[in-house]
Amino acid sequence: MTTLLFPNLTTKSINSETMLVLWYQPWMETTHSAAKLQRIWLEAASEALRHELEFISAVAPIYSKLTYCMLGFEGPQTLSSMAVCYHNTAEEMAEATFNRIRKVSELSEDLREQIWSEL
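Below or above, wherever it landed, is the structure these notes cover. Bear in mind the structure is a predicted one, so any value in this text is a computation, not a measurement. (Residues numbered from 1 in each chain as written. Predicted model: local features only at pLDDT ≥ 70, side-chain atom pairs only at ≥ 80, totals over all residues. Heavy atoms only, no water.)

**Concerning the overall build of the protein chain**
Basically, it comes down to this: Comment: elements are numbered from the N terminus, with helices defined as DSSP H or I runs of at least four residues and strands as E runs of at least two. Note on contacts: a residue pair qualifies if any of its non-hydrogen atoms lie within 4.5 Å across the two residues. Shrake-Rupley sampling with a 1.4 Å probe provides the accessible areas, and residues are treated as covered by the protein chains on show and by no other component.
Scanning the protein chain from terminus to terminus reveals two helices and zero strands. Sequence-distant contacts in the protein chain: of pairs separated by 6 or more residues, those separated by 24 or more amount to 60%. When the accessible surface of the protein chain is split by element, carbon and sulfur atoms take 65% of a total near 9400 Å².

Okay, here's the thing in structure tokens:
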């Protein structure tokens, strides 16, 4: 942070330019940092939303596959074929969920780094 040198303020020497300098410089320093932090937060929120959309797009076909399998569109269902289908679907869902958790954990670390570097 820079130090502002105050001019000799007497009643005769204060004019509008001096008051503007005294007000404007600290205001710009704080506003600039706040705007940067707001931008970082918005980028993080955008990234989180993008990860959620990727998760939804990964899960939608899994649910479709499960529905297709459970309704018997591939032929008559037996207990073993339904169990295999459910097991395969559960594995795909677990993988998608782990990828989601990994991306979210990386996101929070990136956000903390960006905020600390800005401060």
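**Considerations on the packing of aromatic side chains**
Any two aromatic rings considered together are summarised by their centre-to-centre distance and by the angle between their planes. The line we're drawing: Planes of paired rings set the category: under 30 degrees apart is stacked, over 60 is edge-to-face and the rest tilted, where pairs are Phe, Tyr or Trp rings (Trp by its six-membered ring) whose centres lie within 6.5 Å. Lysine and arginine charges are scored as sitting over a ring when NZ or CZ, respectively, is within 6 Å of the ring centre and within 35 degrees of the ring normal.
In total, this model carries zero aromatic pairs according to the counting rule given. The ring of Phe 55 has Arg 100 lying over it, and the distance from NZ or CZ to the ring centre is 4.4 Å.

**A look at the nonpolar core**
Basically, it comes down to this: Throughout this description, the term nonpolar core refers to a set of buried Ala, Val, Leu, Ile, Met, Phe, Trp, Tyr and Cys residues connected via side-chain atoms within 4.5 Å. Each residue is assigned to one of three classes by its accessible area relative to the maximum for its type, calculated with a 1.4 Å probe on protein chains only: buried under 20%, partly exposed between the two thresholds, exposed over 50%.
Counting residues in hydrophobic clusters, the biggest one holds five residues: Phe 55, Val 59, Ile 62, Met 93 and Ala 96. Of all the elements in the fold, those that place two or more residues in this core are helix 1 (16-70) and helix 2 (79-118). Filtering out sequence-adjacent residues up to four positions away, Ala 96 remains in contact with Phe 55, Ala 58, Val 59 and Ile 62.

Functional significance is not addressed by these values, which are geometric in nature.
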